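Each chain, written out:
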Amino acid sequence: MTPNSKTALVTGITGQDGSYLAELLLEKGYAVHGVVRRTSNLVRSRIEHLRRDETLEGKRFFLHYGDLSDGTTLRRIFADVQPAEIYHLAGQSHVGLSFEIPESTCEEIGMATLRLLEIARDQKQPVKFYHASSSEIFGNAKESPQTEATPFRPASPYGCAKAFATQLARVYRESYGLFVCNGILYNHESPRRGENFVTRKIARAVARIARGLEHELILGSLESQRDWGRAQDYVVAMWLMLQHEKPDDYVVASGEAHSVRDFVEAAFEVVKLPWEKYVKHNRAFDRLNDPRNLVGSPARIKAALDWAPKGSFSELVREMVEAELTAIDSKENSGAAIRKS
């Protein structure tokens, strides 16, 4: 098989970012290949519409069974696909969970990235490699906002693993001349966010409270602040990085900080309910050593790639809550139709 300039290989394609990226690449005429684990059979809802599209499945959209711990299988996939672009998004992505499973988190994030970089280095034809880094590499940063030059000070096993993988990407770029970009993405959300993330937890609970299905929302600290953006915008930044004439690292952020309290207030505003009546604090949900100053400066990516986030914070929150309301109402209407029939 001859490498095609519009052939992309995506790890983590079943996740939030992977599904939006797959849609973007298909819109741009790519053949998109995704690496999936057999255990991910039950969590492919985000890409099910692509799999069911007869104009895409088996023609421009392909899934390959593989595991990031299995270098042999990954090399086989590379040999079969011969991608021109690699988007490495896979790995344990929950910061809080990384304190409970630190070893597997570091394996999935750090060693898996090393494995893929080694395979990319061995390809006969040069490939462009996007690595999904994270704002968590900065952790308890001494400066705010953070830039590409801000020193790493991770505050979690997840942040440590991402810092290791990010440095590896830089080493392979500088030592072997690989086209490798680190996308240092700040928190980015959407209706496809996993339910174990606080933003989705809030949006879902608010919708269920509004429909009378729940009566309270229990959270950890409301004072934690993050730089939140839209996942749909951030996957565009990923693609732009690999279209640039030279590889580099880029902070992808909104440049604005908002607290969990801000998110809660905006979410309850969508359904016109007083948040104080329903929200309760539980110390058990407070995160260990939670960073408080994570705000990114998107100045470099704006200047180099002309990228900027679209939409406001309140629009993001509204989008997520309204998606939850629609899901509840659709399920209710379907149930009513079945009962009537």
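That block above? That's the structure.
Values in this document were obtained by computation on a predicted structure and should not be read as measured data.

Asks: Hey, could you go over the environment of Arg121 for me, with residue numbers and the actual values?
Replies: The residue Arg121 is located in helix 5 (residues 102-121) in this model. A residue is classified by how much of its surface remains accessible, and Arg121, at 32% relative accessible area, is partly exposed. Taking the C-alpha atoms as reference points, Arg121 and Glu256, 135 residues apart in sequence, are found 37 Å from one another. Filtering out sequence-adjacent residues up to four positions away, Arg121 remains in contact with Tyr172, Tyr176 and Leu178. A polar atom in the side chain of Arg121 sits 3.0 Å from the side chain of Glu118.

Asks: Can you break down the side chain of Thr199 residue by residue, with the values?
Replies: With respect to the helices and strands, the residue Thr199 is situated in helix 7 (residues 198-210). Owing to a relative accessible area of 2%, Thr199 belongs among the buried residues under this scheme. Excluding residues that lie within four positions of it along the chain, Thr199 makes contacts with Glu189, Arg193, Trp228, Phe263 and Met320.

Asks: Quick rundown of the pairing of strand 4 (residues 85-88)? Include the residues and the values.
Replies: The side-chain alternation of strand 4 yields two buried faces, one formed by Glu85 and Tyr87 and the other by Ile86 and His88. As paired strands, strand 1 (residues 7-11) and strand 4 are joined by 4 bridges and run parallel to one another. Each residue of the ladder has a partner; that of Thr11, found in strand 4, is His88.

Asks: Which residues make up the packing of aromatic side chains, and what values go with them?
Replies: The final tally for this structure, using the stated rule, is 9 aromatic pairs. Here Phe138 and Phe152 contribute two aromatic rings whose centre-to-centre distance is 6.2 Å and whose plane-to-plane angle is 65°, an arrangement assigned as edge-to-face. Taken together, the positions of Phe138 in the loop between strand 5 (128-134) and helix 6 (157-176) and Phe152 in the loop between strand 5 and helix 6 put the pair 14 residues apart, joining distant regions of the chain. Residue Phe152 is classed as partly exposed on the basis of its relative accessible area, which comes to 22%. Measuring from ring centre to ring centre gives 5.5 Å for Tyr234 and Trp307, while their planes differ by 80°; the resulting arrangement is edge-to-face. Linking Tyr234 in helix 8 (residues 231-243) with Trp307 in the loop between helix 10 (299-305) and helix 11 (313-340), this pair joins segments that are 73 residues apart in sequence. For Tyr234, a relative accessible area of 0% gives the class buried.

Asks: Any details on the sheet that holds strand 1? Residues and values, ideally.
Replies: Spatially, 3-2-1-4-5-6-11 is the arrangement adopted by the 7 strands of the open sheet, whose pairing is parallel. Looking at which strands have only one partner, the edges of the open sheet turn out to be strand 3 (61-65) and strand 11 (249-252). Neighbouring strand axes in the sheet, compared pairwise and without regard to direction, differ in orientation by 20° on average. With 4 bridges joining them, strand 6 (residues 179-185) and strand 11 adopt parallel strand pairing. Note that in strand 11 the partner of Leu185 across the bridge is Val252. Seen against the sheet, helix 3 (residues 71-81) touches strand 1, strand 2 (31-36), strand 3 and strand 4 and runs at an angle of roughly 155° to strand 3. Relative to the sheet, helix 6 contacts strand 5, strand 6 and strand 11, its axis offset from that of strand 5 by approximately 155°.

Asks: Give a detailed account of the packing of helix 5 against helix 6, specifying residues and quantitative values.
Replies: A packed helix pair is summarised by two numbers, namely the angle formed by the two axes and the spacing between the axes. At a minimum axis distance of 8 Å, the contact between helix 5 and helix 6 shows a crossing angle of 10°. Viewed along their axes, helix 5 and helix 6 adopt a mutual orientation that is roughly parallel. The chirality of how helix 5 crosses helix 6 is right-handed. Taken together, the residues of helix 6 that come into contact with helix 5 (itself represented by Pro102, Thr105, Cys106, Ile109, Gly110, Met111, Thr113, Leu114, Leu117, Glu118 and Arg121) are Pro157, Tyr158, Ala161, Lys162, Phe164, Ala165, Leu168, Ala169, Tyr172 and Tyr176. Looking at the contact of helix 5 with helix 6 residue by residue, the class counts come to 15 nonpolar, 3 polar and 3 charged.

Asks: So, the packing of helix 1 (residues 16-27) against helix 8: which residues are in play, and what are the values?
Replies: At their nearest, the axes of helix 1 and helix 8 sit 9 Å apart, and the two run at 60° to each other. The chirality of how helix 1 crosses helix 8 is right-handed. Along the contact surface, helix 1 presents Gln16, Asp17, Tyr20, Leu21, Leu24 and Leu25, while helix 8 presents Ala231, Gln232, Val235, Val236, Met238 and Trp239. Across the contact of helix 1 with helix 8, the residue classes break down as 9 nonpolar, 2 polar and 1 charged.

Asks: An account of the nonpolar core is needed here, citing residue identities and associated values.
Replies: Soluble globular proteins tend to bury their nonpolar side chains together. Counting 37 residues, the largest nonpolar core has Leu21, Leu25, Val32, Phe61, Tyr87, Tyr130 and Met241 as its most contacted members. When residues of this core are traced back to their parent elements, those giving at least two are strand 1, helix 1, strand 2, strand 5, strand 6, helix 8, strand 11 and helix 10. In contact with Met241, not counting residues within four places along its chain, are Tyr130, Phe179, Cys181, Asn182, Gly183, Tyr250, Val252, Ile301 and Leu305. Judged by nonpolar contacts, the second largest core, of 28 residues, contains Val206, Trp228, Phe268 and Tyr278.

Asks: Lay out helix 3 with the relevant residues and their values.
Replies: Residues Thr73, Leu74, Ile77, Phe78 and Val81 constitute the buried set of helix 3. Projection of helix 3 onto a plane perpendicular to its axis shows the buried side chains occupying an angular sector of 140°, all on one side. Relative to its buried face, helix 3 has exposed residues pointing more than 90 degrees away, namely Thr72 and Arg76. One or two residues past the end of helix 3 sits Gln82, with phi positive at roughly 50°.

Asks: Give me the lowdown on the pattern of salt bridges, citing residues and values where you can.
Replies: Applying the stated rule across the entire model yields 24 salt bridges. In this structure, Glu23 and Arg192 form a salt bridge, with 2.8 Å as the shortest nitrogen-oxygen distance. Residue Glu23 is found in helix 1, and its partner Arg192 is found in the loop between strand 7 (188-189) and helix 7; the two are separated by 169 residues along the sequence. The exposure class assigned to Arg192 is partly exposed, which follows from its relative accessible area of 21%. Taking the shortest distance from any N to any O, the salt bridge between Arg173 and Asp249 comes out at 2.7 Å.

Criteria and cut-off values
- Residues numbered from 1 in each chain as written.
- Predicted model: local features only at pLDDT ≥ 70, side-chain atom pairs only at ≥ 80, totals over all residues.
- Heavy atoms only, no water.
- Helix = DSSP H or I, 4+ residues; strand = E, 2+ residues; numbered from the N terminus.
- Buried < 20%, exposed > 50% of the residue type's maximum accessible area, 1.4 Å probe, protein only.
- Contact = heavy atoms within 4.5 Å.
- Polar contact = N/O pair within 3.5 Å; in protein donor to acceptor, adjacent residues only side chain to side chain.
- Pairing = 2+ DSSP bridges.
- Phe/Tyr/Trp six-rings, centres within 6.5 Å; stacked < 30°, edge-to-face > 60°.
- Axes fitted to C-alpha atoms, helices over the stretch in contact; angles between N-to-C directions.
- Parallel < 35°, antiparallel > 145°, perpendicular 65-115°, else oblique.
- Left-handed = near helix turned anticlockwise from the far one by under 90°.
- Nonpolar A, V, L, I, M, F, W, Y, C, P; charged D, E, K, R; others polar.
- Core = buried A, V, L, I, M, F, W, Y, C linked by side-chain atoms within 4.5 Å.
- Arc of directions from axis to C-beta.
- Salt bridge = Lys/Arg side-chain N within 4 Å of Asp/Glu carboxyl O.

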